[in-house]
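Observations on chain architecture
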Amino acid sequence: MKSQIIRTAALAHIRDRRLIQTRSVGKTAFYMAGGKIDPGETTEQALHREIREELDVGLVPGTVEFLDVFEAQAFGHSVGTALHMSCYRAEMDGEPRPTSEIAEIRYFTSAEYEAMDEVAPGSLKVFRRLVSMDLID
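Source: prediction; values computed, not measured. Residue numbering note: each chain is counted from 1, following its sequence as written. A pLDDT threshold of at least 70 governs which residues receive local features in this predicted model, and a stricter bar of 80 or more applies before side-chain atom pairs are shown or counted, although totals over entire chains, interfaces and linings include all residues. Hydrogens and waters are ignored; side-chain quantities use all the structure's heavy atoms.

Looking at the side chain of Thr 109
Structurally, Thr 109 is set in the loop between strand E7 (102-108) and helix H2 (110-114). Using a 1.4 Å probe on the protein chains alone, a residue whose accessible area is under 20% of its type maximum counts as buried, one over 50% counts as exposed, and one in between counts as partly exposed. Given a relative accessible area of 10%, Thr 109 falls into the buried group. Contact between two residues is taken to exist if any of their heavy atoms lie within 4.5 Å; hydrogens are not considered. Sequence-distant contacts of Thr 109, that is, excluding residues within four places in its chain, are made with Arg 18, Phe 127 and Asp 137. Numbering of helices and strands runs from the N terminus; a helix is a DSSP stretch of H or I covering at least four residues, while a strand is a stretch of E covering at least two.

What follows is the structure, given as structure tokens:
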């Protein structure tokens, strides 16, 4: 059986030492804001498009900064489906609000996220990295 890789671009937006996470309509877990990279898109182009689609905001020019690539088991997918997430930090040009595909937006400390019943392995890696950088609690 061939393993599958899901390539995504994600936003690590921090407010008051908390990291933004989104919960999609019909899902119970919170994930990084962002989504799949379309054919022909760069990771940064996908990031801009996905954040506009999910949070109804743009990213402030000059604030988009590559954080790292995080790899993990893709949450909610069959075993062997890998997540390859290109993660960026950036400021938003407005107040994020859920669009039709997003049920809820919430900011978490690492401890608050880890205490959830379900956590996405990719998000957990980002939380841990940002804690190690002393950017979030």
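Here the narrative resumes, following the displayed structure.
With respect to the environment of Ile 14
Inspection of the secondary structure puts Ile 14 in strand E2 (residues 14-15). In this structure Ile 14 comes out as buried when scored by relative accessible area, which is 19%. When residues no more than four places from it in sequence are discounted, the contact partners of Ile 14 are Leu 19, Arg 89, Tyr 107, Leu 130, Leu 135 and Ile 136.

With respect to the packing of aromatic side chains
Pairs were defined over the aromatic rings of Phe, Tyr and Trp, the Trp ring being its six-membered one, requiring ring centres within 6.5 Å. Orientation was assigned from the angle between planes: stacked under 30 degrees, edge-to-face over 60, tilted for the rest. Counted by the stated rule, this structure contains five aromatic pairs. Residues Tyr 31 and Phe 75 carry aromatic rings whose centres are separated by 5.8 Å and whose planes lie at 65° to one another, so their mutual orientation is edge-to-face. Here Phe 75 lies in the loop between strand E5 (65-73) and strand E6 (81-89) and Tyr 31 lies in the loop between strand E3 (18-24) and strand E4 (33-36), a separation of 44 residues in the sequence. Relative to Tyr 88, the ring of Phe 66 lies with its centre 5.4 Å away and its plane at 75°, an arrangement referred to as edge-to-face. Here Phe 66 is found in strand E5, whereas its partner Tyr 88 is found in strand E6, with 22 residues between them in sequence.

Looking at unusual backbone geometry
Only a minority of non-glycine residues have a phi that is not negative, and only a minority of peptide bonds are not trans. The phi torsion at Asp 16 lies on the positive side, around 55°, for a residue other than glycine. Within the secondary structure, Asp 16 sits in the loop between E2 and E3. Unlike most non-glycine residues, Asp 56 shows phi in positive territory, near 60°. By the secondary structure assignment, Asp 56 is in the loop between helix H1 (43-55) and E5.

Brief notes about the sheet that holds E6
Sheets are built from strands that pair by backbone hydrogen bonding, the pairs being arranged parallel or antiparallel. At least two bridges found by DSSP between two strands is the condition for calling them paired. Ordered by their spatial adjacency, four strands build an open sheet running E4-E1-E6-E5, and the pairing between neighbours is mixed. Strands with a single pairing partner mark the edges of an open sheet, and in this sheet they are E4 and E5. Averaged over all adjacent pairs, the angle separating strand axes in this sheet is 25°, with direction ignored. As paired strands, E5 and E6 are joined by eight bridges and run antiparallel to one another. Axis lines are fitted through C-alpha atoms, for helices just across the contact stretch, and the angle between N-to-C directions can take any value from 0 to 180 degrees.

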